[in-house]
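One-letter residues, chain by chain:
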Amino acid sequence: MAGSVRKRDRAREYLLGLVESRPVGEAIPSERQLSAELDISRPTLRAVVDDLVRDGRLVREHGRGMFVGSAKVAQQITGTHAATAPGTWTSRVLSHATIQAGTLIGNRLRVTPTTPVLRIARQRLVNGDPICLETIHVLQELVPDFDVQVIEQNSFYTLLEERYGVIPTDAEETHAAAAADAIESALLGLPLDAPILILERTTRDQNGRRFEFTRAAYRGDRYQVTTHLGLTKPTADPPNAE
């Protein structure tokens, strides 16, 4: 199962890298070509493609192929603090490896595609029940000899600060609805295609450096996001988002 998670994540990162490096409407390689290039089964690749089609990042046209889709319209929500959700949070590490950043992670972290990053896939649980699948990418040079097993019972950010002097100071997050694929449904205890919430976060440290990119899939029936908004009218009105 852990191997399937790695292959699915690798395929998703590769495809998103293609999408972000090409204009809307441009063709991408066929599933057959991608399957051979990534050394991944056609069903696993098709599941990733189906997710990106549902998200609008790819467009599949019968008889013609796959094309880069339009990006989603996003509304920016600003906050100053992310509180820990209630309950006892633990983790189970599914896989970990040092890999090259590639196009997608490189773009997120503003580093070259060959930059080494530590990638950790873990299942997160609240009071023993699975709530989230999380894939963390952190710059390898900042966390040499990182003991991934330690994060099964401890906060990832606390370990970064206490052991490596890396202090997370701010982050950009996006949230989007999606449907659970076969791996997500199995590891989260959900029916296939059940609603999930996808969170993607890019985090900066005390030096302003982008050091972490994380993608997480949360159970839609067990998790919600609450945001505190300051409604004082700013000096200059932002563009109308309604």
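Treat the numbers as computed from the prediction; the structure is a model and nothing was measured. By convention here, each chain's residues receive numbers from 1 onward along its written sequence. Two thresholds apply to this predicted model, a pLDDT of at least 70 for residue-level local features and 80 or more for giving and counting side-chain atom pairs, whereas whole-chain, interface and lining totals are computed over all residues. Calculated side-chain values reflect all of the structure's heavy atoms, with hydrogen atoms and water omitted.

Trainee: Could you clarify how one ought to interpret the overall build of the chain in this entry?
Mentor: Summing up its helical and strand segments, the chain has six helices and nine strands in all. Each residue gets one of three labels from its accessible area relative to the maximum for its type: buried under 20%, exposed over 50%, partly exposed in between, using a 1.4 Å probe on protein chains only. Looking at the 242 residues of the chain, the share that counts as buried comes to 42%. Here, two residues are considered to be in contact whenever any of their heavy atoms come within 4.5 Å of each other. Long-range pairs, those at least 24 residues apart, make up 61% of the contacts in the chain between residues at least 6 apart in sequence. Computed with a 1.4 Å probe, the accessible areas rest on the Shrake-Rupley method; for each residue, only the protein chains presented here act as cover. Looking at the chain as shown, the accessible area adds up to about 13600 Å², and 50% of this sits on carbon and sulfur atoms. Going along the chain from the N terminus, every DSSP run of H or I of four or more residues is numbered as a helix, and every run of E of two or more is numbered as a strand.

Trainee: Would you mind showing me how to read helix α3 (residues 42-54) here?
Mentor: Every α-helical turn comprises 3.6 residues, leaving residues that sit three or four positions apart pointing alike. Multiplying 1.5 Å by the helix residue count minus one yields the expected span of that helix. Helix length check: α3, at 13 residues, gives a terminal C-alpha distance of 18 Å against a target of 18 Å (1.5 Å per residue), a fit within 8%. Of the positions making up α3, those classed as buried are L45, V48, V49, D51 and L52. Along α3, the residues classed as buried sweep out an arc of 155° about the axis, all on the same side. With its phi angle positive at about 85°, G56 sits one or two positions after the end of α3. As used here, the arc belongs to the directions running from the helix axis to the C-beta atoms.

Trainee: Help me out: how do you make sense of unusual backbone geometry in this one?
Mentor: Excluding glycine, residues mostly have negative phi values, and the peptide bonds linking residues are mostly trans. Phi angles above zero are rare outside glycine, and D39 is one such case at about 55°. Inspection of the secondary structure puts D39 in the loop between α2 (31-38) and α3. In the Ramachandran plot, N127 falls in the positive-phi region, its phi being about 55° despite a non-glycine side chain. Along the chain, the position of N127 falls in the loop between β5 (116-126) and β6 (129-139).

Trainee: Where do I start with the sheet that holds strand β1 (residues 27-28) in this structure?
Mentor: Strand pairs in the sheet, formed through backbone hydrogen bonds, run parallel or antiparallel to each other. Strand pairing is defined by DSSP finding a minimum of two bridges between the two strands. In spatial order, the strands read β1-β3-β2; together these three strands make up an open sheet with antiparallel pairing. Of all the strands in the sheet, the pair left with one neighbour each is β1 and β2 (58-61). Axis geometry follows a simple rule: fit a line to the C-alpha atoms, using only the stretch in contact for helices, then measure angles between N-to-C directions, giving values from 0 to 180 degrees. On top of the sheet, α3 reaches β2 and β3 (65-68); it is set at about 110° to β2, its chief contact.

Trainee: It is not clear to me how the side chain of S35 should be interpreted in this structure. Could you clarify?
Mentor: Mapped onto the secondary structure, S35 falls in helix α2. On the basis of relative accessible area, S35 is assigned to the buried category, the value being 11%. N or O atoms closer than or at 3.5 Å make up a polar contact, with two conditions inside protein: a donor-capable atom paired with an acceptor-capable one, and, for residues adjacent in sequence, both atoms drawn from side chains. A distance of 2.5 Å separates a polar atom in the side chain of S35 from the backbone oxygen of I40.

Trainee: I keep staring at the packing of aromatic side chains and nothing clicks. Help me out?
Mentor: Aromatic ring pairs: the centre-centre distance and the angle between the two ring planes describe each pair. Classification of ring pairs rests on two measures: the distance between centres of Phe, Tyr or Trp rings, Trp counted by its six-membered ring, which must be within 6.5 Å, and the angle between planes, read as stacked under 30 degrees, edge-to-face over 60 and tilted in between. This structure, assessed with the given rule, holds four aromatic pairs. For the ring pair F156 and Y157, a centre distance of 5.8 Å and an interplane angle of 40° mean the geometry is tilted. Here F156 falls in the buried class, since its relative accessible area comes to 6%. Pairwise contacts between aromatic rings join F146, F156, Y157 and Y164 into one cluster.

Trainee: Would you mind going over the pattern of salt bridges with me for this structure?
Mentor: Side-chain pairs of opposite charge can arise whenever the charged atoms involved come near each other. Put simply, a salt bridge is a Lys or Arg side-chain nitrogen that is within 4 Å of an Asp or Glu carboxyl oxygen. Inspection of the entire model under this criterion finds 23 salt bridges. R8 serves as the salt-bridge partner of E184, at 3.6 Å between the closest nitrogen and oxygen. Note that E184 is positioned in helix α6 (residues 182-188) and R8 in helix α1 (residues 2-20), a separation of 176 residues in sequence. Note that R54 is salt-bridged to D51, the shortest N-O span being 2.2 Å.

Trainee: How do you make sense of the environment of T202 when you look at a structure like this?
Mentor: For T202, the position within the fold is in strand β8 (residues 195-205). Along the backbone, T202 and D170 are 32 residues apart, and their C-alpha atoms lie at a distance of 8.7 Å. Those residues in contact with T202 that lie beyond four places of it in its chain are R108, D170, A171, E172, R210, E212 and F213.

Trainee: Would you mind going over the nonpolar core with me for this structure?
Mentor: When a protein is soluble and globular, its nonpolar side chains tend to lie buried together. Membership of the largest hydrophobic core comes to 39 residues, with the highest contact counts inside it found for L15, I28, I120 and F146. Looking at this core, the element that brings in the most residues is α1, giving five residues. Once you skip the residues sitting within four places of it in the chain, F146 turns out to touch L118, I120, I151, F156 and Y164. Nonpolar core, defined: a set of buried Ala, Val, Leu, Ile, Met, Phe, Trp, Tyr and Cys residues in which side-chain atoms within 4.5 Å join the residues together. In this structure, L94, A121, A180 and I198 belong to the second largest nonpolar core, which totals twelve residues.

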